[in-house]
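# Fold and contact review
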Amino acid sequence: MTKPISVVKAQAEGRNPKKMNTDFSGYTNSVNSDLPSNGETEQLENSALCVTKQIEIDENCQSHSSLEVNVSQPETEGSASNGDQNTESINGDKTQGSVDEEKDEGETEEWLDILGSGQLKKKILKRAESSYRPQRSHICEINLEGRLPDGTIVDKHDHLSIQIGDAEVVQGLDLALPLMDVGEVALLEIGPRFAYGALGREPDVPRDATVVYTVELLSADPEPDVEVLPATKRKEIGCRKRERGNWWYSRQEHTLAIQCYRRALDYLDDIEGGITLTSGEREGSNQGTEEELHDLLEDRLKVYNNLAAAQMKIKAHDTALQSVENVLRCQPNNVKALFRKGKILAAKGENPSAVAALRLASQLEPDNRMIRQELLRILRLHKEDTVHEKKLYKKMLGQDKPPDSLPKNDKDINQLSPAVLRLQLQVPWAILFGTLAVLVAGVVAYRYKFL
């Protein structure tokens, strides 16, 4: 049965419907008492129901009244609850979808072109829990495996200790390690320019080969203070860097060789105040024993000699001369240093000094064929320079032109013009008359002197 309009309005306005029902029932009783019969009463109720429906239709069409809002509130709450459930389901689907997408992205990590040239690319296989990254000169411990594109393993090291920036590995690894977090596992695709280049590495790495490395960065620690390291440890690190410099030198990578040699000297060279032994020094201290310091000195002189050779290759003659002087200051008869000093001085154009250095080296090693050949070459250059200097001096003094001479036969004399012939014949007569005049003047002066 449809509710009366008054009840509906009472609910819309927030009033008590029971009270309204009481009032409405009293009103209905009064109306019923006035009606003559039950048929008329049913007719009135039907007409009231029609009016009620018409009013509801009109009110819904004309405006959004509070009655319409309150009447439809149960349905709205139901639809809202259904909407919330749908929203939650949608959000749940989106969240699950985003998780799946992140998972797919993690599984299909894209390559990162580090240099933008395609010669060095990185792909993360396992992300690290920390965000700590090594810096230049940090000492890193890594697991390393390098493969060629066909799958051939060319490098494999477990717990390899390297120092970033010291060219102890190929350049691609030196550039990529500072971009990795400790604990990260990454795939590095290194082109030939930053791997083994056009020379390759016999016998396993061909020329112009791309190498793919699987690298796990285990740890990264700052470089220790060199002065607190024991002499034996400094010797070990310095010799390792010297050998790496020799490897780069053999590949004609002279700049990288110089870099390794200089880093070796940081460990083998004098510490502040010099590497000396004090009285009563305990054995096993960081200064080392006398024998250990002597070995350290020998290794240091080897590095200086190799450094000079690399500097000569890039035509840094002044710095190369300083390197050999560091050797000769400690060992004046070091044959290698004397030989390289002679070559450096010759390259600078100081041939006399170069000859002196090479002669001393030849005296120390008379059977050294290389020194003799270099000495002969410098002597030949020195002789040519001497001849050139004499010609230059004659030219400066105007003595480079030969004196004019008379023709040797009658044919040549007939070819000369009379003016030229007369000029050439006049020259001897002028000299003769000049000589006679000097003699006459001398005789006259002698006679008047004794009168």
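Residues numbered from 1 in each chain as written. Predicted model: local features only at pLDDT ≥ 70, side-chain atom pairs only at ≥ 80, totals over all residues. Heavy atoms only, no water.

### Brief notes about unusual backbone geometry
At the junction of Glu202 and Pro203, the peptide bond is cis and its omega measures out at 5° in the coordinates. Counting through the fold element by element, Pro203 comes out in the loop between strand E5 (185-190) and strand E6 (211-221). The phi dihedral of His159 is positive, around 55°, even though this residue is not glycine. Along the polypeptide, His159 turns up in strand E4 (residues 153-163). A residue is classified by how much of its surface remains accessible, and His159, at 53% relative accessible area, is exposed. For Lys315, which is not glycine, the phi torsion reads 65° and is therefore positive. Relative to the assigned elements, Lys315 resides in the loop between helix H9 (290-313) and helix H10 (317-330). Overall, Lys315 belongs to the exposed group, its relative accessible area being 65%. (Helix = DSSP H or I, 4+ residues; strand = E, 2+ residues; numbered from the N terminus. Buried < 20%, exposed > 50% of the residue type's maximum accessible area, 1.4 Å probe, protein only.)

### Some words on H10
An ideal rise of 1.5 Å per residue puts 20 Å on 14 residues; H10 measures up with 21 Å between its terminal C-alpha atoms. Within the span of H10, buried status applies to Ala320, Leu321, Ser323, Val324, Val327 and Leu328. Burial along H10 is one-sided: seen end-on, the buried residues are contained in an arc of 160°. Along H10, exposed side chains directed more than 90 degrees from the buried face belong to Gln322 and Arg329. (Expected span 1.5 Å × (residues − 1). Arc of directions from axis to C-beta.)

### Observations regarding the side chain of Asp181
Mapping Asp181 onto the fold places it in the loop between helix H6 (171-176) and E5. Once residues within four sequence positions are removed from consideration, Asp181 is found in contact with Ala128, Ser130, Ser131, Tyr132, Arg133 and Leu217. (Contact = heavy atoms within 4.5 Å.)

### Quick word on the confidence of the model for the protein
Of the residues in the protein, 60% have a pLDDT of 70 or more, and the chain-wide mean is 75. Counted against residues more than four places away or in other chains, residues 17-42, with its pLDDT under 50, gives 12 contacts. This stretch, residues 272-284, has a pLDDT under 50; its non-local contacts, to residues over four places away or in other chains, come to 19 contacts. (pLDDT = per-residue confidence, 0-100.)

### As for the packing of aromatic side chains
A complete count under the given rule lists two aromatic pairs for this structure. Residues Tyr196 and Trp247 carry aromatic rings whose centres are separated by 6.5 Å and whose planes lie at 85° to one another, so their mutual orientation is edge-to-face. Residue Tyr196 is located in the loop between E5 and E6, and its partner Trp247 is located in helix H7 (residues 231-250); the two are separated by 51 residues in the primary sequence. On the basis of relative accessibility, which here comes to 6%, the residue Tyr196 falls in the buried class. (Phe/Tyr/Trp six-rings, centres within 6.5 Å; stacked < 30°, edge-to-face > 60°.)

### Side note on the packing of helix H11 (residues 335-347) against helix H12 (residues 351-364)
Geometrically, a packed helix pair is captured by the angle between its two axes and the distance between the axes. Close contact between H11 and H12 brings their axes to 8 Å; oriented N to C, the two are set at 160°. The orientation of H11 with respect to H12, classified from their angle, is roughly antiparallel. Judged by the sense of rotation from one axis to the other, the crossing of H11 with H12 is left-handed. Every residue of H12 that contacts H11 at Val335, Leu338, Phe339, Gly342, Leu345 and Ala346 is listed here: Asn351, Ser353, Ala354, Ala357, Leu358, Leu360, Ala361 and Leu364. Tallied by class, residues from the contact of H11 with H12 come to 11 nonpolar, three polar and no charged. (Axes fitted to C-alpha atoms, helices over the stretch in contact; angles between N-to-C directions. Parallel < 35°, antiparallel > 145°, perpendicular 65-115°, else oblique. Left-handed = near helix turned anticlockwise from the far one by under 90°. Nonpolar A, V, L, I, M, F, W, Y, C, P; charged D, E, K, R; others polar.)

### What to know about the pairing of E5
The buried fraction of E5 is high, at five of six residues. Strand direction decides the pairing type here: strand E2 (residues 120-126) and E5, joined by six bridges, are antiparallel. Across the sheet, Lys122 pairs through a bridge with Leu188, a residue of E5. Here E5 pairs with E6 via six bridges, running antiparallel. Note on E6: the bridge partner recorded for Ile190 is Val211. (Pairing = 2+ DSSP bridges.)

### Here's the deal with the pattern of salt bridges
All told, the structure shown has 18 salt bridges when counted by the stated rule. Its salt-bridge partner being Glu145, residue Arg147 comes within 2.9 Å of it at the nearest N-O pair. With a shortest N-O distance of 3.7 Å, Arg240 and Glu168 are connected by a salt bridge. A residue pair is termed long-range when its members are at least 10 positions apart, and Arg240 in helix H7 and Glu168 in the loop between E4 and H6 qualify at 72 residues. Residue Glu168 is classed as buried on the basis of its relative accessible area, which comes to 14%. One network of salt bridges, in which partners are shared, links Asp166, Glu168, Glu223, Arg240, Lys241, Arg263 and Asp266. (Salt bridge = Lys/Arg side-chain N within 4 Å of Asp/Glu carboxyl O.)

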